[in-house]
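Residue-level structure breakdown
If you want the building blocks of each chain, they are given just below.
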Amino acid sequence: MRRKLAAGNWKMNVTAGALSELVELAKQVNPGDAETLICPPSPLLYLACEKLRGTAIAIGAQDCHAEPSGAFTGDISAPMVADTGATYVILGHSERRDLHAEKDADVAAKTRAAWGAGLTAIICIGESGADREADKTLDIIATQLQGSVPDAATGENTVIAYEPIWAIGTGKTPTLDQIIEVHDFIRARLIERFGQQTADAIRLLYGGSVKPDNAAEIFTAENVDGALVGGASLKAADFAPIIKALTQA
Ligand code: PEP
């Protein structure tokens, strides 16, 4: 039985004042609800962990370096992330792949670094709008899965987020059938590669314009184990109903 996960990605959208939203969210999330995670910008990781101590909300980073330390000005390593008290890290988000030229091999190296520091990696994969129009979605997903997810993946150390790039921050979402097709495909590929038991334990999140009004329908899909949410995770009033819908799914 996979525990549902609602993960919020705050991107580069907030400063410390936004932590009041975390405190508000913590009041609305109970230990029996879907697992809840917020990934704030890295300068806020430590403070967020401190504010949430003793609550049901976990904290994660939005990226980490593949090396544990070294001359990499401006980067943060996986041990640094873990040192703040964070337990997750998002890797291979399409904005990193696009704006920082991260390739599948980079994502795999970062994932191994995250595991080495005891973090759970949320590995993002997804096709562009042009890929979908050219009917290449499943090929892209297969290639990214193979290249970005290292061989030692388990249900404890890895979560996979399917995020069609054209749906991120656009208000557009795939149809439920399209989401089901991709998530079922990912599960089947994981079974082929890792065997039934390991594959069944790896959680698959859908991400891309998840909102309070479309979440419940998306969560009806058998292989959707939760969501990676950008815009609608910034305010407790928007994220709490998504967590509730996931808890009830
Ligand atoms: C994201 O950034 O991962 C994301 C899914 O954003 P949004 O929910 O705003 O589309």
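For the structure itself, consult the block above.
Residues numbered from 1 in each chain as written. Predicted model: local features only at pLDDT ≥ 70, side-chain atom pairs only at ≥ 80, totals over all residues. Heavy atoms only, no water.

1. A closer look at the overall build of the protein chain
For clarity, the cut-off: Note on conventions: DSSP H or I runs of at least 4 residues are helices, E runs of at least 2 residues are strands, and numbering of each starts at the N terminus. Accessibility here uses a 1.4 Å probe with only protein chains present; expressed as a share of the type maximum, an area under 20% marks a residue as buried, one over 50% as exposed, and anything in between as partly exposed. The criterion used for residue contact is that any of the two residues' heavy atoms lie within 4.5 Å. In these tables, accessible area is a Shrake-Rupley quantity obtained with a 1.4 Å probe, and a residue counts as shielded only by the protein chains included in the view.
When helices and strands are counted, the protein chain shows 11 helices and 8 strands. In terms of overall dimensions, the protein chain has C-alpha extents of about 45 × 45 × 35 Å along its principal axes. For the protein chain, buried positions account for 53% of its 249 residues. Counted over contacts in the protein chain with a minimum sequence separation of 6, partners at least 24 positions apart contribute 72%. Summing over all exposed atoms, the protein chain offers an accessible surface of approximately 11000 Å²; the carbon and sulfur share of this is 52%.

2. What about the packing of helix H1 (residues 19-28) against helix H2 (residues 45-52)?
This is how it is decided: Throughout, an axis means a line fitted to C-alpha atoms (over the contacting stretch in the case of helices), and angles, computed between N-to-C directions, take values from 0 to 180 degrees. When an angle is under 35 degrees it counts as roughly parallel; over 145 it counts as roughly antiparallel; between 65 and 115 it counts as roughly perpendicular; any other value is oblique. Note on convention: near helix rotated counterclockwise from far helix by under a right angle means a left-handed crossing. Clockwise means right-handed. Note that Gly is not counted as nonpolar here; it falls among the polar residues with everything else outside the nonpolar set of Ala, Val, Leu, Ile, Met, Phe, Trp, Tyr, Cys and Pro and the charged set of Asp, Glu, Lys and Arg.
Put simply, H1 and H2 touch, their axes get as near as 10 Å, and they point 30 degrees apart. In terms of orientation, H1 lies roughly parallel with respect to H2. Crossing of H1 over H2 shows right-handed handedness. The residues of H2 that touch H1, namely those facing Leu 19, Leu 22, Val 23 and Ala 26, are Leu 47, Ala 48, Lys 51 and Leu 52. Grouping the amino acids of the contact of H1 with H2 by side-chain chemistry returns 7 nonpolar, no polar and 1 charged.

3. Here we look at the site of the ligand
Cut-off, in case you're wondering: Each residue is tested against the molecule or strand, and it is near if at least one of its non-hydrogen atoms lies within 4 Å. Here a polar contact is taken to be a pair of N or O atoms separated by no more than 3.5 Å, where protein atoms must pair a possible hydrogen donor with a possible acceptor and residues adjacent in sequence count only if both atoms sit in side chains.
In the neighbourhood of the ligand, 14 residues make up the surrounding shell, with Lys 11, Glu 163, Gly 169, Ser 209 and Gly 230 lying closest. Between the ligand and the protein, one listed contact pairs an oxygen atom with a side-chain N or O atom of Lys 11 at 2.6 Å. Within the backbone of Ser 209, a nitrogen or oxygen atom sits 2.8 Å from an oxygen atom of the ligand. Across the complex, the protein chains shield 97% of the 300 Å² of accessible surface that the ligand would expose by itself. Partitioning the shell around the ligand into residue classes produces 4 nonpolar, 8 polar and 2 charged.

4. Points about the pairing of strand S7 (residues 203-207)
Threshold: Whether two strands pair depends on DSSP finding at least two bridges between them.
Among the 5 residues in S7, 5 count as buried, and that is most of the element. Of the two faces of S7, the one lined by Arg 203, Leu 205 and Gly 207 and the one lined by Leu 204 and Tyr 206 are each fully buried. Direction of pairing for strand S6 (residues 158-162) relative to S7: parallel, over a ladder of 4 bridges. By the bridge assignment, Tyr 162 is partnered in S7 with Tyr 206. Note that S7 and strand S8 (residues 226-229) share 2 bridges and pair parallel. Looking at the pairing, Tyr 206 lines up with Ala 227 of S8.

5. Side note on a negative patch on the surface
The following threshold applies: A patch is a set of surface residues, each over 30% in relative accessible area and not in a salt bridge, joined within 9 Å for like charges and within 5 Å for the nonpolar side chains Val, Leu, Ile, Met, Phe, Trp and Tyr. In what follows, salt bridge is the name for a side-chain nitrogen of Lys or Arg lying within 4 Å of a carboxyl oxygen of Asp or Glu. Within this scheme the basic residues Lys and Arg register as positive and the acidic residues Asp and Glu register as negative, but His and the chain ends are omitted. Here the site of a charge means atom NZ of a Lys, CZ of an Arg, CG of an Asp or CD of a Glu.
On the surface, a cluster of negative charge is made up of Asp 135, Asp 139, Asp 177, Glu 181, Asp 184 and Glu 222. Counting through the fold element by element, Glu 222 comes out in the loop between helix H10 (215-218) and S8.

6. Details of the sheet that holds strand S2 (residues 35-39)
The parallel closed barrel is built from 8 strands, whose spatial order is S1-S2-S3-S4-S5-S6-S7-S8. Averaged over neighbouring strand pairs, the angle between their axes works out to 25 degrees when direction is ignored. Across the sheet, helix H8 (residues 176-194) is in contact with strand S5 (120-125), S6 and S7; its angle to S7 comes to roughly 150 degrees. Of the strands in this sheet, strand S1 (5-9), S2 and S8 touch helix H11 (residues 236-248), which is tilted by about 160 degrees from S1.

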